[in-house]
Amino acid sequence: LVEARPLAGEPWASVIPRAEEQGLLDIFARVVASGEPFQARDFPYRPALPPDGIARPNDMRYWDWQCLPLGSTFGAVDRLVVILADVTDRQRQRRTELINRRFVTQVSLGVLATTGIDHRVVVVSPRLVYLGDQTVSRLIGRPVFAALPVLASAGLAPLMAEVYA
């Protein structure tokens, strides 16, 4: 977001590029006026366009942040504390999972994605659900061969074990 440097006493507009454009200064003003903290999750932040003028998907950053008012001895808000956590990786992972789920639910084949050495189900297509005569929600998070024993009897267990060998 900004380069590492001491920031005390700096105006927000100089500390956070594009702060006004992205509505941050309005949020700060509301916190000062109301004395109520502000909290945001997965707040999108796009830095200024690079010199070539082309915005790239990986330029977008996502932040969980809080703006906390600090009052003087007279009760008026005279300072703000802003705490930021970069959650871009978490947001990208969610987006990838969503795209994978949409793809899997739309294909006419039986598709299944697992994770970990015990092959826990993370995504399953509706067509494959019928093998176990269960709902998608009952399969998600379970080891694949416990959830769908028919796949174990089809000889897939030794093949999938090789993935982690």
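Keep in mind that what you see is a predicted model, and the values were worked out from it rather than measured.

Student: Just checking my understanding: could you explain the environment of Ser153 for this structure?
Tutor: Secondary-structure assignment places Ser153 in helix H7 (residues 149-153). Under the relative-accessibility criterion, Ser153 is labelled exposed at 63%.

Student: I would appreciate a short explanation of the pattern of salt bridges in the present structure.
Tutor: Pairs may arise between side chains of opposite charge once their charged atoms sit close together. One pass over the full model with this rule turns up seven salt bridges. One salt bridge connects Arg94 with Asp42, and the closest N-O pair in it is separated by 2.7 Å. Placement of Arg94 in helix H3 (residues 88-106) and of Asp42 in strand E1 (residues 38-45) is noted, with a sequence separation of 52 residues between them. When its relative accessible area of 18% is taken as the criterion, Asp42 is described as buried. The partner of Arg120 in a salt bridge is Asp118, with the nearest N and O atoms 2.9 Å apart. One network of salt bridges, with partners in common, ties together Arg41, Asp42, Asp64, Arg90 and Arg94.

Student: Where do I start with the confidence of the model for the protein in this structure?
Tutor: Low-pLDDT stretches of the model should not have their predicted coordinates read in fine detail. With 94% of its residues at a pLDDT of at least 70, the protein reaches an overall mean of 81. Here helix H4 (residues 126-132) is the element of the protein with the lowest mean pLDDT, 73, and helix H2 (residues 24-34) is the one with the highest, 91.

Student: Please clarify how the pairing of strand E2 (residues 61-71) should be interpreted in this entry.
Tutor: Relative to E2, E1 is paired through six bridges, and the arrangement is antiparallel. Pairing of Tyr45 across the sheet is with Arg61, part of E2. By the bridge criterion, nine bridges tie E2 to strand E3 (residues 77-86) in an arrangement that is antiparallel. Bridged to Cys67 within E3 is Val82. Two successive antiparallel strands, E2 and E3, enclose a turn made up of five residues, where Gly75 displays a positive phi of approximately 95°.

Scoring rules and cut-offs
Residues numbered from 1 in each chain as written. Predicted model: local features only at pLDDT ≥ 70, side-chain atom pairs only at ≥ 80, totals over all residues. Heavy atoms only, no water. Helix = DSSP H or I, 4+ residues; strand = E, 2+ residues; numbered from the N terminus. Buried < 20%, exposed > 50% of the residue type's maximum accessible area, 1.4 Å probe, protein only. Salt bridge = Lys/Arg side-chain N within 4 Å of Asp/Glu carboxyl O. pLDDT = per-residue confidence, 0-100. Pairing = 2+ DSSP bridges.

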